[in-house]
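Architecture and fold: a report
Listed below are the residues making up each chain.
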Amino acid sequence: MESPKFLYLQTFGCQMNVSDSEKIASLLAGVGYELTEESAAADLIILNTCTVRAKAEERVYRQLENLRPLKRKKPALLFGVGGCVAQQEGERLLEKIPYLDLVFGTHNLHRIPQIVLAAEEGRRLAEVDFIDNETRMGLFPVDDRSGGVTRFVTVMQGCDNYCSYCIVPYVRGREISRRSADIVAEIRLMAANGVKEVTLLGQNVNSYGLNDPGQPDFAGLLRMVAAIDGIERIRFTTSHPKDITRPLIDCFAELPKLCAHIHLPAQAGSSAVLARMNRGYTRPEYMEKVADLRSVRPDIAITSDIIVGFPGETEEDFTETLSLVEETGYSDIFSFLYSQRPGTAAADFDGDLPYDMKVERLDRLMAIQKKITRRYSEALVGTVQEVLVEGASKRTGQVFGRTTYNRIVNFDGDISLVGRLVDVEIIEGYQNSQLGRLV
Ligand code: 5AD
Ligand code: SF4
């Protein structure tokens, strides 16, 4: 029997990459690779990369340099780069990095076994061609692991929105929605294996089905998933505010399984900046969606992504971002310094801000949100929340799970509770989690 080969797989960036990495691991298991946690034990190292901001891209090059000595010790070790940096750079990566053996793009995951087998025979390959929708349809990452309490399910990929700062449409390609029948079949199987919660995943899930008259829209898909026995909770991410429709809002009123949380990236608070970002909504339109959501689910937790220092952002524009954050009362946000990405429309915009000014604004934003999050977390103290228990906490004797609002709660309990929905009284509210007591 052949001895096993070991794969060290490192994932950068978003949940879509995490989901792609699962697919990579399962495809490579088919040609004899077992996952290892130790880079030194690896026969093949793959970095699944992100290029949404320059920093993410730089981390990939740094990590390759960090890992390089392993190859001196073990010359047969193979290095591969996949994902969004691979898609962006293609063949150039092989030229730039002489010790790199293989490169595969975001549409070429299914080819990874062949690419690796070729690399084992000494060929250096870069496959980054986009493929047609018909072929892509059959290639959605299928989650074939069993067990677990909560799972991500890819429902669409790509993005057609072309926000002016964003590289995603260039490295992930056009939007494509997976067939609803395939999605439902996959979730049924998960439910049969004990999964209790699914998060429907896509760059812009709200435009699910819009390009395909044979498919339901996203609200229709949510209703189909809600009808699956055994699934107790449904979440989705990421939403685009411009595509929040009335039928989708109604789902929050009518589907008890749909959790009371939505990630609704605003990106900025000034309508002028939003227009230059090509977001397709104004500040008042965004606030109206928030109000509509709250009118059907008053307690809904809303989270956001905010970009600080977009080209031409004035102090007044930035103040509008701060006031939008306060008015909305987000339970939490991800905030980013604007990063110029090659090939995007904003890369040609005038008015790049000095780095120090961007950092100073980011600090002000983070300080304000910190207070809001803390207040939000503390306000729930004394309430009883339903928690889906996911696993053991770092602290012994405790388990953790999430409330419907997507906040982590730790409480005394043993792991026999994993997979159960239990009532927990919130006794302390912290920045990133809450402490509870089983009732
Ligand atoms: N600079 C900074 N942040 C960006 N994002 C996307 N592109 C950029 C960029 N060029 C942020 C957006 C998006 C999140 C995933 O990353 O806020 O919602
Ligand atoms: Fe990027 Fe905008 Fe598409 Fe989100 S919606 S992936 S920010 S282009």
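All values reported here derive from a predicted model rather than from experimental measurement. (Residues numbered from 1 in each chain as written. Chains lettered and ligands numbered in written order. Predicted model: local features only at pLDDT ≥ 70, side-chain atom pairs only at ≥ 80, totals over all residues. Heavy atoms only, no water.)

Once that is clear, we can look at the overall build of the chain. Scanning the chain for helices and strands turns up 14 helices and 19 strands. What you see for the chain is a C-alpha radius of gyration of 22 Å, in line with the 22 Å of a compact globule of 439 residues. When the backbone C-alpha atoms are referred to their principal axes, the chain occupies close to 60 × 55 × 50 Å. The buried share of the chain, taken over its 439 residues, is 54%. Contacts in the chain between residues far apart in sequence, at least 24 positions, make up 70% of those at least 6 positions apart. Total accessible area computed for the chain in this model is approximately 19,100 Å², and 52% of it derives from carbon and sulfur atoms. Looking at the chain, you have 51 positive and 61 negative side-chain charges, and the mean spots of the two groups are 3 Å apart. (Helix = DSSP H or I, 4+ residues; strand = E, 2+ residues; numbered from the N terminus. Rg over C-alpha atoms; globule rule 2.2 N^0.38 Å. Buried < 20%, exposed > 50% of the residue type's maximum accessible area, 1.4 Å probe, protein only. Contact = heavy atoms within 4.5 Å. Areas by Shrake-Rupley, 256 points an atom, 1.4 Å probe, with all protein chains shown as cover. Lys, Arg positive; Asp, Glu negative; His and termini not counted. Charge placed at Lys NZ, Arg CZ, Asp CG, Glu CD.)

Size it by volume and the second largest pocket reaches roughly 260 Å³. What lines the second largest pocket is a set of 13 residues, and nearest its centre among them are Lys55, Leu337, Tyr338, Ser339 and Tyr355. Listing elements by their share of the lining of the second largest pocket, those giving two or more residues are α2 (54-73), β14 (332-337) and α14 (355-379). Counting contributing residues, the lining of the second largest pocket receives three or more from each of domain 1 (5-127) and domain 2 (134-379). (1 Å grid on protein atoms, 1.4 Å probe; cavity = no way out; pocket = protein on both sides within 12 Å on 5 of 7 lines; lining within 4 Å. Points joined across faces, edges and corners; volume = space filled by probe spheres on them. Domains from an automatic or database assignment.)

Another aspect to go through is the site of ligand 2. Looking at ligand 2, the residues that line it are Cys159, Asn161, Tyr162, Cys163, Tyr165, Cys166, Val168, Pro169, Gln203, His240 and Arg279. Here the residues of the shell around ligand 2 sort into seven nonpolar, three polar and one charged. (Near = heavy atom within 4 Å. Nonpolar A, V, L, I, M, F, W, Y, C, P; charged D, E, K, R; others polar.)

Before going further, it helps to spend a moment on the packing of helix α9 (residues 218-226) against helix α10 (residues 246-254). Following both chains from N to C, one finds α9 and α10 inclined at 25°, their axes separated by 8 Å at the closest point. One way to sum up the angle between α9 and α10 is to call them roughly parallel. The handedness of the crossing between α9 and α10 comes out as left-handed. Across the interface between the two elements, Phe218, Ala219, Leu222 and Arg223 from α9 touch Pro247, Leu248, Asp250, Cys251 and Glu254 from α10. Here the residues of the contact of α9 with α10 sort into six nonpolar, no polar and three charged. (Axes fitted to C-alpha atoms, helices over the stretch in contact; angles between N-to-C directions. Parallel < 35°, antiparallel > 145°, perpendicular 65-115°, else oblique. Left-handed = near helix turned anticlockwise from the far one by under 90°.)

The next point concerns the sheet that holds strand β1 (residues 5-11). Spatially, the six strands line up as an open sheet ordered β2-β1-β3-β4-β5-β6, and their pairing is parallel. Since the sheet does not close on itself, it has two edges, and those belong to β2 (33-35) and β6 (125-127), each with one partner. Strand-to-strand, the axes of this sheet are offset by a mean angle of 20°, without reference to chain direction. Here β1 runs beside β2; their pairing, made up of three bridges, is parallel. (Pairing = 2+ DSSP bridges.)

Here we come to the domain arrangement of the chain. Parsing the chain into structural domains produces domain 1 (5-127), domain 2 (134-379) and domain 3 (384-438). Just the C-alpha atoms count here: the centres of domain 1 and domain 2 sit 28 Å apart. With 19 residues of domain 1 at the contact, the number on the domain 2 side is 25 residues. Connecting domain 1 to domain 2 are two salt bridges. For glutamate 57, the salt bridge goes to arginine 341, with nearest N and O atoms at 2.7 Å. Between the two partners, domain 1 and domain 2, sit nine residue pairs in polar contact (both at pLDDT 80 or more). Only α1 (15-29), α2 and α3 (83-89) provide two or more residues apiece to the side of domain 1 that touches domain 2. (Salt bridge = Lys/Arg side-chain N within 4 Å of Asp/Glu carboxyl O. Polar contact = N/O pair within 3.5 Å; in protein donor to acceptor, adjacent residues only side chain to side chain.)

As a structural note, the neighbourhood of ligand 1 is formed by Val52, Arg53, Tyr165, Gln267, Asp305, Ile307, Phe336, Leu337, Tyr338, Ser339 and Arg341. Within the contact set of ligand 1, an oxygen atom lies 2.8 Å away from a side-chain nitrogen or oxygen of arginine 53. One of the backbone N or O atoms of serine 339 is found 2.7 Å from a nitrogen atom in ligand 1. Contact with the protein chains removes 85% of the 400 Å² of surface that ligand 1 exposes when unbound. Tallied by class, residues from the shell around ligand 1 come to six nonpolar, two polar and three charged.

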